[in-house]
Amino acid sequence: MRLLIVAVGQRVPDWAASAYDDYAKRFPPELKVQLKAIKTEPRGSKTLQTLYAAERERIEAAIPRGTRVVALDERGTSLTTKALAERLKGWQLGGDDVALVIGGPDGLDPDFRQAAHERIRLSDLTLPHAMVRVLLIEQLYRAWSVNAGHPYHRE
């Protein structure tokens, strides 16, 4: 199984890239994690609909057919770490690759969010995009460690 993190926005601070890379390399070979950074549409005088459409097109192009899409959304389902571990286990048993999608500064296109197989949220707080990448991969690693009985996660 492959976890694909699709994140709108290309530039992240060195600390965030380093933290992301540290967690990404911890995953076992049977659970590959890949990051695809998607170009943010230049804002200028474009309408929100135009921005959404351009970013949606890039996001959809980055996600292979047959991949389960999970949109990160502030209105999505709130999960505990154990609930995320159960979701991860279900995804693995289902055998499909999973794309977890992080929107840009304006979020995700509403129609894309609705079309996603699932919508989850990481926090009630508003977080910088670089932090979201790190928090997401850390929680995915923690979820894997819960399922594997790995000592990384202690109650």
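As named in an unreviewed UniProt entry, the chain is Ribosomal RNA large subunit methyltransferase H, taken from Diaphorobacter limosus. UniProt, in the comment section headed Subcellular location (unreviewed entry), describes the chain in these words: "Cytoplasm".

Q: It is not clear to me how the packing of helix α3 (residues 81–94) against helix α5 (residues 129–148) should be interpreted in this structure. Could you clarify?
A: Where α3 meets α5, the closest approach of the two axes is 8 Å, and the angle between their N-to-C directions is 75°. Between α3 and α5, the interaxial angle falls into the category roughly perpendicular. Counted together, Thr81, Leu84, Ala85, Leu88, Lys89 and Trp91 of α3 and Gln139, Leu140, Arg142, Ala143, Trp144, Val146 and Asn147 of α5 form the full contact between these two elements. Within the contact of α3 with α5, the residues separate by chemical class into eight nonpolar, three polar and two charged.

Q: What's the story with the packing of helix α1 (residues 14–24) against α5 in this structure? I'm lost.
A: The packing of two helices is summarised by the inter-axis angle and the distance between the axes. Between α1 and α5, whose axes approach to 9 Å, the crossing angle comes to 15°. Considering the angle they form, α1 stands roughly parallel to α5. When you trace α1 past α5, the crossing you get is left-handed. Between α1 and α5, the contacting residues are Trp15, Ala16, Ala19, Tyr20, Tyr23 and Ala24 on the first element and Ala130, Met131, Arg133, Val134, Ile137, Glu138 and Tyr141 on the second. Split into classes, the residues belonging to the contact of α1 with α5 amount to eleven nonpolar, no polar and two charged.

Criteria and thresholds
Residues numbered from 1 in each chain as written. Predicted model: local features only at pLDDT ≥ 70, side-chain atom pairs only at ≥ 80, totals over all residues. Heavy atoms only, no water. UniProt positions renumbered as here; feature names shortened; annotations may be inferred. Axes fitted to C-alpha atoms, helices over the stretch in contact; angles between N-to-C directions. Helix = DSSP H or I, 4+ residues; strand = E, 2+ residues; numbered from the N terminus. Parallel < 35°, antiparallel > 145°, perpendicular 65-115°, else oblique. Contact = heavy atoms within 4.5 Å. Nonpolar A, V, L, I, M, F, W, Y, C, P; charged D, E, K, R; others polar. Left-handed = near helix turned anticlockwise from the far one by under 90°.

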